Amino acid sequence: MASFPNSVNENEIGKAKFIGELLVPVAPFDQKSGRETWTVAFAPDGSYFAWSQGHRIVTLVPWSKCLKNFVGEGSNGAGPQRLSRQNSEGGTVVPVGEPREHTIDCGDIVWGLAFGSSVPEKQSRCINIEWHRFKFGQDQLLLATGLNNGRVKVWDVYTGKLLLNLMDHTDIVRDLTFAPDGSLMLVSASRDKTLRVWDLKDDGNMVKVLRGHQNWVYCSAFSPDSSVLCSVGASKSVFLWDMDKYSLIRKLEGHHNDVVSCEFSPDGALLATASYDTRVIIWDPHVGTVLLELAHLFPPPSPIFAGGANDRWVRSVAFCHDGRHIASITDDRVVRFWTIDEKSPKAIAPLINGLCCAFSTDGSVLAAGSRDGSVHFWACPKSIASLQHLCRMALRRVMSTQQVQTLPIPPSIRSYLSYQDL
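Rules and cut-offs
Residues numbered from 1 in each chain as written. Predicted model: local features only at pLDDT ≥ 70, side-chain atom pairs only at ≥ 80, totals over all residues. Heavy atoms only, no water. Pairing = 2+ DSSP bridges. Helix = DSSP H or I, 4+ residues; strand = E, 2+ residues; numbered from the N terminus. Axes fitted to C-alpha atoms, helices over the stretch in contact; angles between N-to-C directions. Core = buried A, V, L, I, M, F, W, Y, C linked by side-chain atoms within 4.5 Å. Buried < 20%, exposed > 50% of the residue type's maximum accessible area, 1.4 Å probe, protein only. Arc of directions from axis to C-beta.

(A) View of the sheet that holds strand 16 (residues 217–222). Spatial ordering of the open sheet is given by 16-17-18-19, a layout of four strands whose pairing is antiparallel. Unpaired on one side and paired on the other, strand 16 and strand 19 (247–251) mark the two borders of the sheet. Strand-to-strand, the axes of this sheet are offset by a mean angle of 25 degrees, without reference to chain direction. Here five bridges tie strand 16 to strand 17 (residues 228–233), and the two strands are oriented antiparallel to one another. Following the sheet pairing, Phe222 is matched in strand 17 by Leu229.

(B) Region of the structure containing the nonpolar core. Formed by 19 residues in total, the largest nonpolar core has its most connected members in Cys230, Val232, Leu240, Cys262, Phe264 and Leu271. Among the elements of the structure, strand 16, strand 17, strand 18 (238–242), strand 20 (259–264) and strand 22 (279–284) are those that each provide at least two residues to this core. At four residues, strand 20 tops the list of elements feeding residues into this core.

(C) Region of the structure containing helix 1 (residues 63–70). Those residues of helix 1 that fall on the buried side of the exposure criterion are Trp63, Cys66 and Phe70. End-on view of helix 1: buried residues confined to an arc of 65 degrees, all on one side of the axis.

(D) Quick look at the sheet that holds strand 24 (residues 314–319). Read across the sheet, five strands follow the order 1-27-26-25-24 without closing on themselves; strand pairing throughout is mixed. Unpaired on one side and paired on the other, strand 1 (14–15) and strand 24 mark the two borders of the sheet. The sheet contact formed by strand 1 and strand 27 (residues 347–350) spans two bridges and is parallel. By the bridge assignment, Lys15 is partnered in strand 27 with Ile348.

Given below as structure tokens:
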């Protein structure tokens, strides 16, 4: 069990409610290596859940059906469910129009995956669009998969059909992220030290290569308005990019080891980054300052020994859609749920060999993948957001920190709107 500050009684920290897990079939020839679930993802509309369950396989599960099984509906309230997922092509007949489960063989180990949905009114940056092979409608749902051989394959979620095969990276594609504005702009982060921007409405044309990382790029994330991209990687790097000009805005200095995960808050006012230095840092991405540090080792390691506590490396961080909760996955076998106004976890849960995590679209469930190919699910701690916080989020969705600082309001309110009270 993890250690916490002396001022915190471990018995007083809540236990996160476990609601279920997805297991993969284990054959006698299965080896430990290659079975890892490196990525889990929820579709933007909440229709599907996907995870890379190892051995080249990605499974897409209708989320509402999965959740119904987890909460015990139709199972006499039996509690948390353990579901073994197999290829469903020859299984139960699914009514026409309902989401179908798919198992996709991607041809190589899957490291990253991301859902993308189209907004037809959002035009491609390509001028000559008449000859395009694909016309993406508003009901289109895509899944991009980043592979061990450097390729990015894009699939139709509803049919499981391969649509695009993108082949410019020269090493593992570690992470993928779609712009949330429905433009179908896709960014891939690779161990070849680059990020590549693809326009899927332009048949997957590569728009730009973002260079600046001196080592592996582990993860990237768009701001909610799609204007800024954060990328993180080895050698303590946290970069912010202007996605209109494809230029570097700034580097954020503060981590002492490789940075492996990042995500913006729903209002874009905060940025969370997770590192092997045993910390999650909450930044103000508009001005580049540190607002809060969530420590997983007490006392925290000094910079010179930041890589020594490898049993506390933070593997993944996720921002809940309520803008208040953050989840972290760490090598000490604990999942932690934090709130942005507290420096100690609000709830914890055991997880062996966790690698990644993501909140469901409505923020009610956290999914976490592990090295054995399975996925575990917990209910997010429930709390009622204050009216002040809801107003702050609404305002920060449209105003930068610099704009807030110029408002003719009392300093205490200005500080609250800028999240400087964390």
